[in-house]
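Notes for the structure review
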Amino acid sequence: MLGMLLAPFLVGIINRTKAFVAGRRGPSLVQPYRDVFKLLRRGAVYGEVTTSLVRLGPVLNLATLLAALVLVPFPGAGAAISFMGDLIVLVGLFALGRFATVLAALDTGSSFEGMGASREVHFAALAEPALLIAFATLARVTHATDLTAIYGAIGIGAWIHALPALALVGVSFLVLELVENSRIPVDDPTTHLELTMIHEVMVLDHTGPDLGLIQYGAALKLWIIGTLLVSLAPLRAVDPWIAAAVALLGMAVLAVVVGMIESAMARYRLATVPQFIVGAATLSAVAFMVLLV
Amino acid sequence: MELDRYPVPALLIAFALLLLSGIAAITLRAQAGMAQRIGQAGAVLGSLAGLAAAIAVLNGVRPEALILNWPMPGGEIHVAIDRLSAYFLLPIFGVSALAGLYGRSYLSNQGDPANAAGSWFHLNLLIAAMASVVVARDGLLFLLAWEIMALAPFFLVVFNDRRAEVRHAAWIYLAAAHIGTAFLLALFVLLGNLAGTSDFAAFPGVLRDHPALASTVFVLALIGFGSKAGIVPAHVWLPEAHPAAPSHASALMSGAMIKVGIYGLVRMLTLLGAPQAWWGWVLLLTGAASGVLGVLYALAQHDLKRLLAYHSVENIGIILIGIGVGVLGLAYDVPALAALGFAAGLLHVINHAIFKGLLFLGAGAVQHAAHTVELDELGGLLKRMPWTGICFLIGSAAIVGLPPLNGFISEFLLIYAGYAGLLLPTTAAASAGLTTLVAMGLIGGLAAACFAKAFGVVFLGMPRSDAAEHAHEAAWPMITAMAILALLCIVIGFAGPIVVPALAAIVTEASGLPIVQTGAALAPLSGALEISTLVFFGIVVLAVGLWVWRRWHLARAGIRRAPVWGCGFQHPTPRMQYTASSFAQPLVTQFQLLIANREILAAPTGYFPTTASFASDSGDPFLHLLFVPTFRWFRRLAARLNVIQHGHIHVYVLYVAATLIALLAWASL
């Protein structure tokens, strides 16, 4: 629930970090909130050939991300809803949201948006197994198949017992955070060159409230995958309030790290991105193998 | 009519309706309209009667087996419907009834009307033959029904027989079907010989006495049944036959007929006794290969029906992964894993019948309306055919395995089986679990890419040709058939907590595990699905709420229409849209090694380029590198036999006499 309120802060922190590194003062931390509210109040412009699908995309995407938020446990608080195999449903919800966004992009009939959609499904096809394998390694470490039990079991003991595996999974979650949220080095959320974009070009012709929903959804997704990474911290035996506070701090640090990565790295060429994602999947798979021997 | 209390008589009525209407259709073919009406009525009513029989058995009615003498040496007519049979009768009769409903409107502007009457005869024959295979309990009867089931589609495929590529496709189908039958013949001869009877009941005893034989029988069954189901590399007939056949026949073949191959495999596994681990691994890896390669080849296609055909290969792969996990669970003595694997595989049988039937019917509606299924000539059809478009969208989302539709339920079970496997202590079981996960993850992502392309290019954007521009909505029987299937996708998706425990009884028959164990394995998952179904309802409520809010808000804030962003260009044309080929290009290029897509590019050169062209051809490497050379070799071998074949009839008579004498001599030895 915290995520619903705090997610746009992450975007604010990332932008602030990038500005700081570049020697600028940067926008206020609450700027993303202002952007979303401004967009939600606006009217909308729709392409001439569009059907209702272009309107359904952002709505459905946001609904799936809100549902996903409910499934992901936060240190100290746990998940609002938890059941066997909820991680599979989480992956399914991401896929549903993405499918809706991609179809909304194709609905405009624009070449640019087709291009973005094509790249999005390409990278998603590789990121989905990567996420499933990362969860597989965590499941093997903790002998559980629901997210609350998995993350509930990660304490100091689990880290001592399976240090290399958990570290590798952490790295692959970081990669997924960058890939799934279209950050540098995969995609540049601030570029203005349509030909090189992925996610941004897909939503190029979304305006007003639709764009507001999309931006808010993007912040939520950043928060959700960030939570999956930060919750790997061994906070099992810690007092819930302290655990939550540490995790919130961790989220902020993560946002700073993402901002630093964005400042320090250039985008990969599109042809290199698949290797980056497959690399993440391979890391998790290696982590799993390490557990087997 | 209390047909549901008497499953076997109901089934016989179904057979009678199907066969009599078929024969009536073909005898009345001079009056094409009348013949078609009779054929359609027979298909629909016969299938409904059969469906009643199947549902009765699934509800717990235990029918008597029907055993009749047969005026043929060896074998008898032994027919029985157990739950496993009844379960496979569901997709067979269900898809048949809807294909029948759909077929007459569809055929109205397709090909030669004189062929239509014959087409109904073969359609009804195919339905009856599929059902016979599933209820036969005797090897000889099984093979006979199997052969009819293999032959009837040839005549369905060859419907548009004036086109050379259709005739070619039909021959490929026929050859593939008979290679499979050859292996099954070997299988039943082998078992029947040792048992002294071709009745299924005798086979487990034989295999107990000859345990070494079980593996041979398994391999024969995998190849024989697998080639009908369409596993890699025996899948080559699917992408040829489906585009050529009328769409309701494709729906029937892909929705129901290839499942009969799966039925054969599962039935044979029940007769083979305790399985060995390597069978499970072979099934799992074959399934993974079929799944991944099927979806990759589908991505490279630009003919909608070929694309769907390759997705059948993919989905058969998913079913096989499920059965493989099930067999591994039995072999490693982990009943919970076995129950999960079989449940996932068997549920996907029904699910695939529903959404693939729907998608082929949808492709047929497109073909009917725009006279082409070439992706790059379509576009913008959602506005012109909204019902077809919405149904196709639901089918696409379901086949991709997106929640909250039916495909997600079976994929959830299978991925969960993967997680259950990788928690097991042994390395072998854990590796099987990881293999399942990786395969399912990759298949899911690639399938999403493929259907984003298929639906996006066909139904969204602007029409890319005049034919698509002037497309019209399908006739109401076609829409009804599609809408029923689309509704089933949604209903099963939300009914997961009811559907999954109901599978326990069928899994029990397929796996030989006691019902207590299968029930115990599936119960927690139905509990999990109860909660996830609530989450799905939550999503629906949220989405509707957001939708309503936005409508209300925009009513005040205002909506404008404008051209989409074209980098400053103000008048986008249909030709400027992304095409199917360009959409799939990054993935196709990445998996070039496996797809063997050929591209011919004449790039524009100079400051004022005049002509440029690009063409891509996604041939099937298995066809071009495996089957074509093999068959060429066979043909060359066969050509040598021309020496003894020269058209002089008296020499042929001499051959006959010589053979007879040789046989007599051999018999008297």
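Residues numbered from 1 in each chain as written. Chains lettered and ligands numbered in written order. Predicted model: local features only at pLDDT ≥ 70, side-chain atom pairs only at ≥ 80, totals over all residues.

Re the overall build of chain A
Across its full length, chain A holds twelve helices and one strand. For chain A, the sequential pattern of α-helices and β-strands runs α-α-β-α-α-α-α-α-α-α-α-α-α. Computed over C-alpha atoms, the radius of gyration of chain A comes to 19 Å, within 12% of the 19 Å expected from 2.2 N^0.38 for 293 residues, which places it in the range of a compact globule. Overall size of chain A, expressed as C-alpha extent along the three principal axes, is 60 × 40 × 35 Å. For chain A, the proportion of its 293 residues judged to be buried stands at 61%. Of the contacts made within chain A by residues no fewer than 6 positions apart, 78% connect residues no fewer than 24 positions apart. (Helix = DSSP H or I, 4+ residues; strand = E, 2+ residues; numbered from the N terminus. Rg over C-alpha atoms; globule rule 2.2 N^0.38 Å. Buried ≥ 20, exposed ≤ 12 C-beta atoms within 10 Å, placed from the backbone. Contact = placed C-beta atoms within 7 Å.)

Some details on the overall build of chain B
Check the secondary structure of chain B and you find 25 helices and five strands. Overall size of chain B, expressed as C-alpha extent along the three principal axes, is 95 × 65 × 55 Å. A sequence separation of at least 24 residues applies to 79% of the contacts in chain B between residues at least 6 apart.

Considerations on the interface of chain A and chain B
Contact residues are listed per partner, giving 64 residues for chain A and 67 residues for chain B. Sorting the residues of the side of chain A that touches chain B by element identifies β1 (44–47), α3 (53–71), α4 (86–107), α5 (111–142), α10 (208–230) and α12 (273–292) of chain A as the ones contributing at least two each. The element best represented in the side of chain A that touches chain B is α5(A), accounting for 19 residues. Split by residue class, the side of chain A that touches chain B holds 41 nonpolar, 15 polar and eight charged. Note that β1(A) and strand β3 (residues 559–562) of chain B share four bridges and pair parallel. Opposite V45(A), over in β3(B), you have R560(B) as the bridge partner. (Nonpolar A, V, L, I, M, F, W, Y, C, P; charged D, E, K, R; others polar. Pairing = 2+ DSSP bridges.)

Some words on α3(A)
The first and last C-alpha atoms of α3(A) sit 27 Å apart over 19 residues, in line with the 27 Å expected at 1.5 Å per residue. Taking burial as the measure, the 19 residues of α3(A) include 17 buried ones, the bulk of the element. (Expected span 1.5 Å × (residues − 1).)

Points about helix α1 (residues 7–27) of chain B
Every α-helix winds through 3.6 residues per turn, so residues three or four apart in the chain are directed the same way. All names here are of chain B. The terminal C-alpha atoms of α1, which comprises 21 residues, lie 30 Å apart, in line with the 30 Å expected from a rise of 1.5 Å per residue. Those residues of α1 that fall on the buried side of the exposure criterion are P7, A10, L11, A14, F15, L17, L18, S21, G22, A24 and A25. Turning to α1, the residues buried within the fold contact α2 (32–58) and α4 (113–135).

Some remarks on the environment of G461(B)
Among the secondary structure elements, G461(B) is positioned in the loop between α17 (427–459) and α18 (466–469). Distance from G461(B) to K383(B), taken between C-alpha atoms, is 9.6 Å for residues 78 residues apart in sequence. Beyond its immediate chain neighbours, meaning those up to four positions away, G461(B) contacts V49(A), L106(A), G109(A), G379(B), G380(B) and Q577(B).

A short note on the packing of helix α3 (residues 83–107) of chain B against α4(B)
All names here are of chain B. Between α3 and α4, the least distance of the axes is 9 Å, while the angle of their chain directions is 175°. One way to sum up the angle between α3 and α4 is to call them roughly antiparallel. Contacts from S85, F88, L89, I92, F93, S96, G103 and L107 in α3 reach A116, S119, L123, I127, M130, A131, V134 and V135 in α4. Considered class by class, the residues forming the contact of α3 with α4 number twelve nonpolar, four polar and no charged. (Axes fitted to C-alpha atoms, helices over the stretch in contact; angles between N-to-C directions. Parallel < 35°, antiparallel > 145°, perpendicular 65-115°, else oblique.)

So, unusual backbone geometry
Residues other than glycine predominantly adopt negative phi, and peptide bonds predominantly adopt the trans conformation. The omega torsion of the bond from I184(A) to P185(A) falls at 10°, within 30 degrees of zero and hence cis. At the junction of P403(B) and P404(B), the peptide bond is cis and its omega measures out at 0° in the coordinates. Locating P404(B) in the fold gives a position in the loop between α15 (386–400) and α16 (406–422). Of note, the phi angle at S182(A) is positive, near 55°, even though the residue is not glycine. With respect to the helices, strands and loops of the structure, S182(A) is situated in the loop between α8 (163–180) and α9 (199–202). Take S182(A): there are 22 C-beta atoms within 10 Å of it, and that puts it in the buried class. At D333(B), a residue that is not glycine, the phi angle is positive and equals roughly 60°. For D333(B), a count of 9 C-beta atoms within 10 Å puts it in the exposed group.

So, the nonpolar core
Grouped together as the largest cluster of nonpolar side chains are 365 residues, with contacts concentrated most on M130(B) and A343(B). Looking at this core, the element that brings in the most residues is helix α13 (residues 335–370) of chain B, giving 23 residues. (Core = buried A, V, L, I, M, F, W, Y, C linked by C-beta atoms within 7 Å.)

Things to note about the environment of D188(A)
Looking at the element boundaries, D188(A) is found in the loop between α8 and α9. Considering only alpha carbons, one finds D188(A) and Y33(A), 155 residues apart in sequence, at a separation of 20 Å.

Topic: the confidence of the model for chain B
Residues and elements named next belong to chain B. Averaged over chain B, the pLDDT score is 91; the fraction of residues at 70 or greater is 99%. Looking across chain B, the model is least confident in strand β5 (residues 613–617), with a mean pLDDT of 77, and most confident in α15, with 97. Scored as a complex, the prediction yields pTM 0.95 and ipTM 0.96. (pLDDT = per-residue confidence, 0-100.)

With respect to the pairing of strand β4 (residues 598–602) of chain B
Residues and elements named next belong to chain B. For β4, a buried count of zero out of five residues is recorded, marking the element as mostly open to its surroundings. One ladder, built from five bridges, connects β4 with β5; its direction is antiparallel. For A602, the partnering residue across the bridge sits in β5 and is S613.

A look at the packing of α16(B) against helix α19 (residues 476–494) of chain B
All names here are of chain B. Running from N to C, α16 and α19 point in directions that differ by 40°, and their axes come no closer than 6 Å. By the angle class used here, α16 and α19 are oblique. Seen from α16, the contacting residues are N406, F408 and I409; seen from α19, they are C489, I492 and G493. Classifying every residue of the contact of α16 with α19 gives four nonpolar, two polar and no charged.

Concerning the environment of V230(A)
Residues and elements named next belong to chain A. With respect to the helices, strands and loops of the structure, V230 is situated in helix α10. Assessed through the 24 C-beta atoms surrounding it within 10 Å, V230 is described here as buried. Considering only alpha carbons, one finds V230 and L254, 24 residues apart in sequence, at a separation of 7.9 Å. Residues in contact with V230, not counting those within four places in the same chain, are A247, G250, M251 and L254.

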